[in-house]
Amino acid sequence: MADARRMTVDGGETLRYAEYTSKTNVRSDAGIDSRLGGALIAVGLGVAAAGFAGRYAFQLWKPLGQVFAQTVRKMPTYGAFSPYYKGGFEGKMSKREASLVLGISATSTKVKVRDAHRKIMVLNHPDKGGSPYLAAKINEAKDLFDKENRH
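Just so it is clear, the model here is predicted, and its values are computed rather than measured.

Visitor: Could you clarify how one ought to interpret the overall build of the chain in this entry?
Guide: Of regular secondary structure, the chain possesses five helices and two strands. Each helix (α) and strand (β) of the chain, taken in turn from the N terminus, gives the series β-β-α-α-α-α-α. The buried share of the chain, reckoned over its 151 residues, is 15%. For the chain, long-range pairs separated by at least 24 residues make up 39% of all intrachain contacts whose partners lie at least 6 apart in sequence. For the chain, the accessible surface area stands at approximately 12600 Å², while carbon and sulfur atoms represent 60% of it.

Visitor: How should I be thinking about helix α3 (residues 95-102) in this particular structure?
Guide: Side chains of residues three or four places apart in an α-helix project in the same direction, reflecting 3.6 residues per turn. For α3, the full list of buried residues reads E97, A98, S99, V101 and L102. Looking one or two places after α3, you find G103, whose phi comes out positive at around 75 degrees.

Visitor: How do you make sense of the pattern of salt bridges when you look at a structure like this?
Guide: Opposite charge on two side chains makes pairing possible when the charged atoms of those side chains draw close. Inspection of every chain in the model, using the stated rule, returns two salt bridges. Residue K137 is joined to E140 by a salt bridge in which the shortest nitrogen-to-oxygen separation is 3.4 Å. Placement of the pair is K137 and E140 together in helix α5 (residues 132-150), with a separation of three residues, close to one helical turn. The exposure class of E140 is partly exposed, given its relative accessible area of 30%. In this structure, the salt-bridge partner of K142 is D146, at a minimum N-O distance of 3.1 Å. Of this pair, K142 and D146 both sit in helix α5, four residues apart, which is roughly one turn of the helix. The class for D146 is buried, based on a relative accessible area of 14%.

Visitor: So what exactly am I meant to see when it comes to a nonpolar patch on the surface here?
Guide: A grouping of Y56, L60, W61 and L64 is seen on the molecular surface, where their side chains present a nonpolar patch of about 490 Å² in accessible area. Along the chain, the position of Y56 falls in helix α2 (residues 29-74).

Visitor: What is the right way to read the environment of H125 from this model?
Guide: Note that H125 resides in the loop between α4 (110-124) and α5. With relative accessibility at 29%, the residue H125 sits in the partly exposed group. Separated by ten residues in sequence, H125 and A135 have C-alpha atoms that sit 6.2 Å apart.

Visitor: Would you take a moment to explain the confidence of the model for the chain for this structure?
Guide: Fine structural detail should not be taken from predicted coordinates in areas where pLDDT scores are low. Chain-level statistics for the chain give a pLDDT mean of 78 and a share of 70% at 70 or above. The least confident element of the chain, judged by mean pLDDT, is strand β1 (residues 6-8) at 51; the most confident is α4 at 92.

Visitor: Sorry, what's going on with the side chain of S108 here?
Guide: Along the chain, the position of S108 falls in the loop between α3 and α4. Residue class for S108 comes out buried when judged on its relative accessible area of 10%. Among the polar contacts listed, one links the side chain of S108 to the backbone oxygen of S105, at a separation of 2.9 Å.

Visitor: What's the story with the nonpolar core in this structure? I'm lost.
Guide: As a rule of thumb, soluble globular proteins bury nonpolar side chains together. Counting 14 residues, the largest nonpolar core has A98, L102, I104, I138, A141 and F145 as its most contacted members. Elements with a minimum of two residues in this core: α3, α4 and α5. Looking at this core, the element that brings in the most residues is α5, giving five residues.

Visitor: What is the right way to look at α4 in this model?
Guide: Here α4 spans 21 Å end to end across 15 residues, near enough to the 21 Å set by a 1.5 Å rise per residue. Looking only at α4, the buried set comprises V113, A116, H117, I120 and M121. Down the axis of α4, the buried side of the element spans an arc of 125 degrees, and every buried residue falls inside it. Opposite its buried face, α4 presents the exposed residues K112, R118, K119, V122 and L123, each directed more than 90 degrees away.

What counts, and at which threshold
- Residue numbers restart at each chain and count upward from 1, following the sequence in its written direction.
- In keeping with the model being predicted, local features are shown solely for residues with a pLDDT of at least 70 and side-chain atom pairs are shown and tallied solely at 80 or more, while totals for entire chains, interfaces and linings include all residues.
- For the side-chain quantities, the full set of heavy atoms in the structure was used; hydrogens and water were omitted.
- Only DSSP runs of H or I with at least four residues qualify as helices, and only runs of E with at least two residues qualify as strands; both kinds are numbered from the N terminus onward.
- Relative accessibility decides the category of a residue: with a 1.4 Å probe and only protein chains considered, values under 20% of the type maximum give buried, values over 50% give exposed, and everything between is partly exposed.
- By definition, residues are in contact when any of their heavy atoms lie within 4.5 Å.
- Computed with a 1.4 Å probe, the accessible areas rest on the Shrake-Rupley method; for each residue, only the protein chains presented here act as cover.
- The term salt bridge refers to a side-chain nitrogen of Lys or Arg lying within 4 Å of a carboxyl oxygen of Asp or Glu.
- What goes into a patch is any residue over 30% in relative accessible area without a salt bridge, connected to like charges within 9 Å or, for nonpolar side chains (Val, Leu, Ile, Met, Phe, Trp, Tyr), within 5 Å.
- The pLDDT value tells you how sure the predictor is about a given residue, anywhere from 0 up to 100.
- Throughout this description, a polar contact denotes any pair of N or O atoms lying within 3.5 Å of each other; where both atoms belong to protein, one of them has to be capable of donating a hydrogen while the other can accept it, and for residues adjacent in sequence the pair is counted only when both atoms sit in side chains.
- For the purposes of this section, nonpolar cores are sets of buried Ala, Val, Leu, Ile, Met, Phe, Trp, Tyr and Cys residues that join through side-chain atoms within 4.5 Å.
- Each helix should span, by expectation, one fewer than its residue count multiplied by 1.5 Å.
- By definition, the arc is the one covered by directions from the helix axis to the C-beta atoms.

Shown next, in the form of structure tokens:
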């Protein structure tokens, strides 16, 4: 059980040894309060630093946001990333435009030109509901390739 040693105090009272020893592992309320206060101050400083950093970021973001918005507005909406040709027809058909219309390379053979022309005309013939203008451009592209292949 408890230690039975006894000690006398000035008034002659006897205390047990267990009651006389100081308890070193017990924290005082003042120590707990000072540690808690230090932690609260550190948290408060962290929140203040985050607030100032956020304010600086928002002030910096405003001009950057405007620059970003201007850059996005300058980008083409579909032309640069589209597999389709952007723009209308030229006044006089060039070899490049003819190859784009028929969907073949500029150095294609006569057989490839004929096959591509047939394939496109089946889809765009005016008797089948296609556009007469597009049919004329398709025929013009074929004629350009035929004219160059003859010479």
